[in-house]
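Spelled out from the first residue to the last, the chains are:
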Amino acid sequence: MGTKRQFRVWRGDAEGGDLQDYTVEVNEGEVVLDVIHRLQATDAPDLACRWNCKAGKCGSCSMEINGMPKLGCMTRMSTFEENETITVTPLRTFPVIRDLVTDVSFNYEKARETPAFAPPADLAPGDYRMQQVDVERSQEFRKCIECFLCQNVCHVIRDHDENKQAFSGPRYFIRAAELDMHPLDTRTDRKDYAQTEQGLGFCNITKCCTEVCPEHIKITDNGIIPMKERVVDRRYDPLVWLGSKIFRRGQVPQTSVTSGHSPGAVRSSAAGGGVHSHAGGSHDAQAEIQAQQGVNWHREVPHPTAPAVDASGKLPLTELTFDRAAAPSPFGDDVTFPLPPEHLNFAHPDQDERNH
Amino acid sequence: MTTNSHRDTSATTRIERHHYDVVVIGAGGAGLRAAIEARLAGKKTAIISKSLFGKAHTVMAEGGAAAAMGNVNSRDSWQVHFRDTMRGGKFLNNFRMAELHAKESPQRIWELETYGALFDRTKDGKISQRNFGGHEYPRLAHVGDRTGLELIRTLQQKIVSLQQEDKREHGSYDARIKVFSETTITELLLDGDRVAGAFGYYRESGEFVLFEAPAVVLATGGVGRSYKVTSNSWEYTGDGHALALRAGATLINMEFLQFHPTGMVWPVSVKGILVTESVRGDGGILKNSEGKRFMFDYVPDVFRKQYAETPEEADRWYDDPDNNRRPPELLPRDEVARAINSEVKAGRGTPAGGVYLDIASRLPAEEIRRRLPSMHHQFKGLADVDITKEPMEVGPTCHYVMGGVEVDPDSGAAYGAVRGLFAAGEVSGGMHGSNRLGGNSLSDLLVFGKRAGGHAATYVDQLTGRPRVAVTAVETAVETALAPLQRDTGENPYTLQQDLQAVMGDLVGIIRREAELEDALARLAELRERVAKVSAAGGRRYNPGWHLALDLRNMLVVSECTAKAALERRESRGGHTREDFPTMDPQWRRVNLVCSLVGDTVRLERKPLPKMRSELIGLFDRAELAKYLTDEELTEFDALVAADAAAADVEKENR
Ligand SMILES: Cc1cc2nc3c(=O)[nH]c(=O)nc-3n(C[C@H](O)[C@H](O)[C@H](O)COP(=O)(O)OP(=O)(O)OC[C@H]3O[C@@H](n4cnc5c(N)ncnc54)[C@H](O)[C@@H]3O)c2cc1C
Ligand code: SF4
Ligand code: SF4
Ligand code: FES
């Protein structure tokens with residue numbers, strides 16, 4: 001009952017590699033990991049791939065399938081067209097060890113830096129009392145299977161190795177949030193920590209992490225945003241700062257909020273007390289909430305394209321060779337004004353009401 | 001860190017060396033708990049795991065961890081838990097282990113809360129407990145249906161917290177406890193009869209590594225990969241069992257394997273995946289292809305008193321457990337597995353060879369999603385099966401091995417001809433007798449993990465000199481490990497694994513027969529020849545073919561133990577069912593089958609079961625004991641009761 005399907009699997013190691021084509025039998029009801037296993041048993045016995053549970057519980061089999069970060073064991077073959085070639089590549093954010101296996105030690109280092117649960121000194125084991133409603137908030141984050149798909153997809157570190165030192169990533173923001181919301185944790189500096197040590201300020205709530213989370217944890221809405229909201233009266237956060245500017249002045253933003261995209265993203269300096277220590281905005285919480293309503297976070301933020309520089313780091317262009325008189329547009333020649341409104345981060349504060 | 005690389009004189013192989021006080025092999029619940037204890041006792045500890053940190057099998061446990069905390073029903077106590085455990089194991093359990101387990105598991109669960117665990121709560125804010133097959137009262141501490149994840153994550157985070165302490169004190173996270181992930185141990189090294197170290201390779205690089213340590217704790221889990229349909233992952237190749245055997249230790253109860261009654265059999269992508277017992281605890285019922293709720297026909301005599309006889313009574317139990325008997329769907333696992341097997345054999349199975357498990361028609365969809373969130377999510381995501389709308393197709397799946405390293409119940413020290421070797425968790429044997437109750441494993445990991453870690457530390461303290469690793473032993477280990485890569489004439493390891501799985505699944509499966517077992521032994525002998533010549537293509541870096549080739553010999557020797565013991569035990573009990581000897585035999589209850597390795601052949605011996613202490617056997621009814629004990633033992637029991645009564649009378653008179 002099997003059919004033959006086309007697979008392209010990245011084979012190689014730290015030195016390099018490429019996509020290799022395989023034709024492999026696929027049976028009804030199988031998932032991508034089943035097919036990888038069949039490859040191992042037939043054409044490619046040394047194809048490296050992590051897995052354990054084959055049930056979406058251990059988070060080992062993370063890979064990129066047709067470019068989408070996914071669990072191999074939870075991706076059904078029936079979600080693809082019969083004649084579709086399926087491309088399987090390793091997670092891009094982490095260094096490749098071999099084939100589909102990457103070096104995820106970055107995550108374990110960040111885990112190790114996050115201060116552990118601080119138990120109440122006066123409670124003996126067995127005397128802990130908590131209400132279900134109170135534990136549920138943290139329990140959501142404890143569902144995390146550490147597949148690191150959210151880490152992989154986050155643009156702050158995807159293709160930006162240089163940010164890895166200062167940025168712990170969504171998995172560890174929710175770890176901090178989990179402890180912050182733990183009814184009996186005795187530390188009170190979890191939010192501060194997230195901001196100063198974990199680089200929470202780099203996050204501009206693109207929600208990509210939430211989108212790929214196989215456990216459907218609301219990483220941004222329930223973890224990151226509450227952590228940001230409450231640090232805001234003491235700390236500068238570029239996102240909220242920008243949001244409030246937009247709202248207060250009712251202006252079209254001049255800058256893109258994708259600060260994390262640019263290679264020169266600002267590093268946290270412990271001495272400066274926070275990421276982006278060049279400005280300090282202190283706002284009351286109410287204003288922040290209002291501010292955020294004015295921002296269209298769901299907009300697909302276009303990646304800035306790097307200029308095609310030559311070996312000397314300069315554009316291969318001089319005034320003499322350029323085909324136009326005068327300087328080119330600072331916005332890029334392909335941008336025309338006015339910008340189409342759906343490309344803006346701005347949303348009218350009353351828009352929801354108008355829709356009714 | 002005392003790490004140095006040096007060039008081995010004979011082979012041009014680099015071997016990294018480490019020195020530790022205690023090496024824990026396995027990073028599941030048992031291994032992590034053991035490592036925490038060894039570190040708390042001040043020992044320099046290494047944790048070694050075949051997969052990444054936090055991915056061990058424990059992560060998959062769903063239902064919960066059994067501990068008689070009495071939070072939901074205050075009548076629960078360790079005595080009741082002890083009784084349930086012995087009953088479940090058909091009185092073949094090591095009674096001392098069952099006793100320690102029942103007494104200490106509440107402490108171990110509470111301790112997890114101090115590490116940061118967040119269990120589901122009761123209304124008054126305590127840890128909530130749920131019903132599970134074989135447990136008299138609601139007893140399983142749980143977090144939705146992802147209790148294993150909570151357990152392993154909590155222990156993992158506790159280890160991180162200890163590492164943070166060490167960082168503050170000694171400047172390095174790894175000063176006193178270090179995790180070696182994706183590292184496989186292939187050999188234990190001895191100095192005479194004492195453990196001297198462990199040898200293995202990094203999966204990532206294929207480089208070799210030697211841990212010199214006077215004490216080793218085995219916490220490597222089970223053996224399920226030798227079976228065709230299994231809930232177990234690639235890690236479960238019986239490494240710990242085989243390492244122990246080769247080091248001179250013994251295995252007991254290897255004939256007892258638990259086949260989970262309700263593994264998915266269809267569709268393929270979820271084959272082997274378990275449907276947690278809580279589906280049955282929450283009202284799910286089993287039906288055959290004719291639509292009949294068949295479990296009422298399969299209540300064995302020993303359980304008649306506790307189980308309902310009509311669907312009406314069974315259904316009342318969910319709301320009023322005190323005045324009604326429980327539904328037969330909640331019989332211990334082996335009974336349910338056997339019932340399903342009989343239905344399928346009688347031609348009343350589903351097309352894929354299972355039966356239907358129906359919760360859809362029993363609870364509102366909303367309620368199912370609330371109670372079984374990850375089940376619902378898993379089947380929807382993996383197989384596009386909506387458990388709120390349609391029944392599941394389930395059948396027996398190889399799930400857990402009761403047998404394992406024979407240990408001293410109090411310390412977890414391995415018996416046999418070796419010192420310094422400890423075992424805890426699924427790799428150790430005795431605790432669960434012939435059948436494990438659901439939920440008893442997670443608490444077993446904690447109770448005996450802690451004990452093994454603690455006693456390993458004590459053992460190190462009392463040593464006068466450090467055992468030394470012999471160079472020749474390391475050389476042999478290197479040669480054995482490299483052999484499959486150097487041969488190119490042998491067979492593909494995956495083919496060999498499939499053949500082994502076929503032999504075990506078809507001939508040493510859930511229902512066993514003498515002729516088939518003999519056939520199995522002959523085939524295993526053939527396989528042994530072929531495995532000795534296995535060859536693996538590719539290099540040493542992260543090469544799963546090579547890894548499997550090395551695991552095969554472990555799977556093989558453990559399978560031999562199982563087949564031999566299954567042939568020897570001429571009765572049916574718990575996880576061992578002989579079609580030709582379908583009943584329990586009280587004489588066999590007094591016998592443990594013990595495997596050891598002589599040269600490279602498995603030797604099987606009979607050993608008497610330790611005798612239960614009088615105050616423990618006094619916890620049972622005579623009527624119940626009559627089902628298990630020999631007449632001789634019953635006479636003894638009567639004498640004991642009479643003596644107690646007499647003593648009580650004397651006391652009364654004296655007052
Ligand atoms: C699907 C499923 C559901 C379950 N549900 C429940 C439940 O609800 N309640 C319950 O009580 N029990 C349950 N169990 C049983 C329970 O989960 C296991 O018995 C238990 O987790 C075993 O724990 P462990 O610590 O002994 O080993 P594991 O958690 O399996 O860990 C074994 C460790 O040893 C390592 N290892 C193995 N070999 C080597 C080697 N050669 N070198 C180095 N490292 C090695 C592995 O990498 C791994 O880290 C379930 C089991 C399964 C499969
Ligand atoms: S929301 Fe924040 S953490 Fe998540 S992917 Fe976007 S930038 Fe990264
Ligand atoms: S938060 Fe979600 S995506 Fe991120 S590691 Fe955990 S389970 Fe994976
Ligand atoms: S194998 Fe465990 S999540 Fe896919």
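One can find the structure itself at the top, above this paragraph.
Quick caveat: nothing in here was measured; it's all calculated off a predicted structure. (Residues numbered from 1 in each chain as written. Chains lettered and ligands numbered in written order. Predicted model: local features only at pLDDT ≥ 70, side-chain atom pairs only at ≥ 80, totals over all residues. Heavy atoms only, no water.)

A. Molecular detail of the pairing of strand β10 (residues 194–202) of chain B. Residue and element names in this part refer to chain B. For β10, the buried fraction is high: nine of the nine residues fall into the buried class. Linking two consecutive strands that pair antiparallel, namely strand β9 (residues 183–191) and β10, is a turn of two residues; a positive phi of about 65 degrees is found at glycine 192 within it. Bridge count between β10 and strand β11 (residues 208–212): five bridges; the pairing is antiparallel. Opposite tyrosine 201, over in β11, you have phenylalanine 208 as the bridge partner. (Buried < 20%, exposed > 50% of the residue type's maximum accessible area, 1.4 Å probe, protein only. Helix = DSSP H or I, 4+ residues; strand = E, 2+ residues; numbered from the N terminus. Pairing = 2+ DSSP bridges.)

B. Seen up close, the sheet that holds strand β19 (residues 421–423) of chain B. Residues and elements named next belong to chain B. Pairing is parallel across the open sheet formed by five strands, whose spatial order is β8-β4-β3-β12-β19. Two strands bound the open sheet, and with one partner strand each, they are β8 (177–180) and β19. When the angles between neighbouring strand axes are averaged without regard to direction, this sheet yields 20 degrees. Strand direction decides the pairing type here: strand β4 (residues 45–48) and β8, joined by four bridges, are parallel. Looking at β8, one finds that isoleucine 47 is bridged to valine 179. (Axes fitted to C-alpha atoms, helices over the stretch in contact; angles between N-to-C directions.)

C. Layout of the site of ligand 3. Taken together, A:Cys144, A:Ile145, A:Glu146, A:Cys147, A:Phe148, A:Cys150, A:Ile174, A:Cys213, A:Pro214 and A:Ile219 make up the full set of residues adjacent to ligand 3. By residue class, the composition of the shell around ligand 3 is nine nonpolar, no polar and one charged. (Near = heavy atom within 4 Å. Nonpolar A, V, L, I, M, F, W, Y, C, P; charged D, E, K, R; others polar.)

D. Up close: the environment of B:Phe620. Residues and elements named next belong to chain B. Topologically, phenylalanine 620 is positioned in the loop between α17 (614–617) and α18 (622–626). A C-alpha to C-alpha distance of 27 Å links phenylalanine 620 and alanine 339, two positions 281 residues apart in sequence. Those residues in contact with phenylalanine 620 that sit more than four places away from it in its chain are Phe82, Arg83, Met86, Phe91, Met612, Leu625 and Phe637. (Contact = heavy atoms within 4.5 Å.)

E. Region of the structure containing the side chain of A:Arg158. All names here are of chain A. Within the element layout of this structure, arginine 158 appears in the loop between α4 (149–153) and α5 (170–181). Among the polar contacts listed, one links the side chain of arginine 158 to the backbone oxygen of asparagine 152, at a separation of 3.2 Å. Apart from the residues lying within four places of it in its own chain, the contact partners of arginine 158 are Glu64, Arg92, Thr93, Asn152 and Val153. (Polar contact = N/O pair within 3.5 Å; in protein donor to acceptor, adjacent residues only side chain to side chain.)

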